[in-house]
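The chain contents come next:
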Amino acid sequence: MNDDLNNIKNLFNLLANHHSLKEIVEEGSRILGNPLMLMDATMNLLAVCSDENIEDEIWNDFLAGNSRSKEYSDEKEVIHSMQQVMFGNEPILTQYQAHQMRRIVSKVACDGKTLGYIVCLEHKKKFSENIFDLTKLVCDAFAVELQRSANRPIIEEDYKKVLRQILTDKKIYSHKFLSTLFDYEKGSFFMVSVPCNMTSESKLLYLQQHFEKLSPHSFAVDLRNEIAVLINTSTNKLDFLIRRYASILEIHNYKAGFSSAFSNIREIYDYYQQAKRAVSVGHFVDHRTIFYYPDIMVDDMLNTLAEYSDLKQYCSSALSLLQQYDKKYGTEYLKTIHTFLLCCGNITNMSKEMYTHRNTIVHRLKKIEEICDIDLNDHETRLKLALSIKIDRLLSRKEK
């Protein structure tokens, strides 16, 4: 009895102090003694307790957001149990044939309105005799919080709080964040990562506010010496926006990574990681201020491959031949071949880029073909040379 009273006290303390759904789920998991997840009324994951890896197909599919996109060997049982919960008022105990672990499934409701569902997996220890009473207690706590969230006006700080949670824990989702964010300007989403090591709080706040002013539909948050920005804009405005970001970052000597465009807000964590890789890999590539992930995607692939293999073995022999020739005779054949690839073989554009007569360039290209015994009109040859140059530049920067 004393334990139950303490559980009630702890739950209501969390509610009274406006703690996050994540913290309330953690407390609910402690009370039930097992892993717990909370979903909204449409079966989208809101929060899940921090726990070790769980070998349960249905549980992991909910974590991955695939709860309604695949069939199970015991699909009929799964559907039947969910129907029981949806149309009933009591928690139910289930154990599907293909899944050994039992689970408690219960509806979170208030005044007859379904607000969400919880699932508790019998993973750490056996369910207690009073598991149904404890489950109802936990559901009542979630009902208070979900009802309060539904009734309270959503303010900008709500979005930022949820954004921080999502970017620091891939398992967290928020129904109010996911549903209301799409009310803004139609367009794509982009994530931006701006490393700001050893930066004062006042400067971090200044930069956040400035970034939000650059795009009217954006949220900027600080994450341990880094500013992360979620932007909702059309792709045709991206180049202009990147230039505006660059002008600010250059003043303060910062760099930033922009993710690819995405439309599914549930993928925000993955694209945030993409933006982080863009800036972390980008500084090995060149000295730009802004690194747009599609521009350095191949470099990211090579950087990942470098962790498992020696990239030099993938370089074309033509690269080393040109390096040796340039060093011996003072020529610029490596620069010529790089410009050739950047200009997609267009001699006129090469001439303008290198401030060199086109006849001279044609002569150099023929000489390169002779030295390396290659055909520059061959697509595979161009691809190998382009990858080789990228590998060489990546490794050279890393050595420095």
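This text goes with the structure placed above it.
Residues numbered from 1 in each chain as written. Predicted model: local features only at pLDDT ≥ 70, side-chain atom pairs only at ≥ 80, totals over all residues. Heavy atoms only, no water.

S.K.: Sorry, what's going on with the sheet that holds strand 9 (residues 256–258) here?
M.R.: Taken in spatial order, the five strands of this open sheet run 7-8-6-9-10, and their pairing is mixed. For this open sheet the edge positions go to strand 7 (218–222) and strand 10 (290–292), each flanked by a neighbour on one side alone. When the angles between neighbouring strand axes are averaged without regard to direction, this sheet yields 15°. Of the pairings in the sheet, the one linking strand 7 to strand 8 (residues 226–233) comprises five bridges and is antiparallel in character. Following the sheet pairing, aspartate 222 is matched in strand 8 by isoleucine 227. Packing against the sheet, helix 10 (residues 268–285) makes contact with strand 6 (188–195), strand 8, strand 9 and strand 10, and its axis sits at approximately 45° to strand 6. (Pairing = 2+ DSSP bridges. Helix = DSSP H or I, 4+ residues; strand = E, 2+ residues; numbered from the N terminus. Axes fitted to C-alpha atoms, helices over the stretch in contact; angles between N-to-C directions. Contact = heavy atoms within 4.5 Å.)

S.K.: In this structure, what is going on with the packing of aromatic side chains? I would like to understand it.
M.R.: The description of two aromatic rings rests on the distance between their centres and on the angle between their planes. Applying the stated criterion across every chain, the model contains six aromatic pairs. When the centroid spacing of 5.2 Å and the interplanar angle of 85° are considered together, the rings of tyrosine 245 and phenylalanine 258 count as edge-to-face. Of this pair, tyrosine 245 sits in helix 9 (residues 238–252) while phenylalanine 258 sits in strand 9; the two residues are 13 residues apart in sequence, bridging distant segments of the chain. The class for tyrosine 245 is buried, based on a relative accessible area of 0%. Given a relative accessible area of 0%, phenylalanine 258 falls into the buried group. Summarising the aromatic geometry, the rings of phenylalanine 262 and tyrosine 271 are spaced 4.4 Å apart at their centres and angled 10° between planes, so their arrangement reads as stacked. (Phe/Tyr/Trp six-rings, centres within 6.5 Å; stacked < 30°, edge-to-face > 60°. Buried < 20%, exposed > 50% of the residue type's maximum accessible area, 1.4 Å probe, protein only.)

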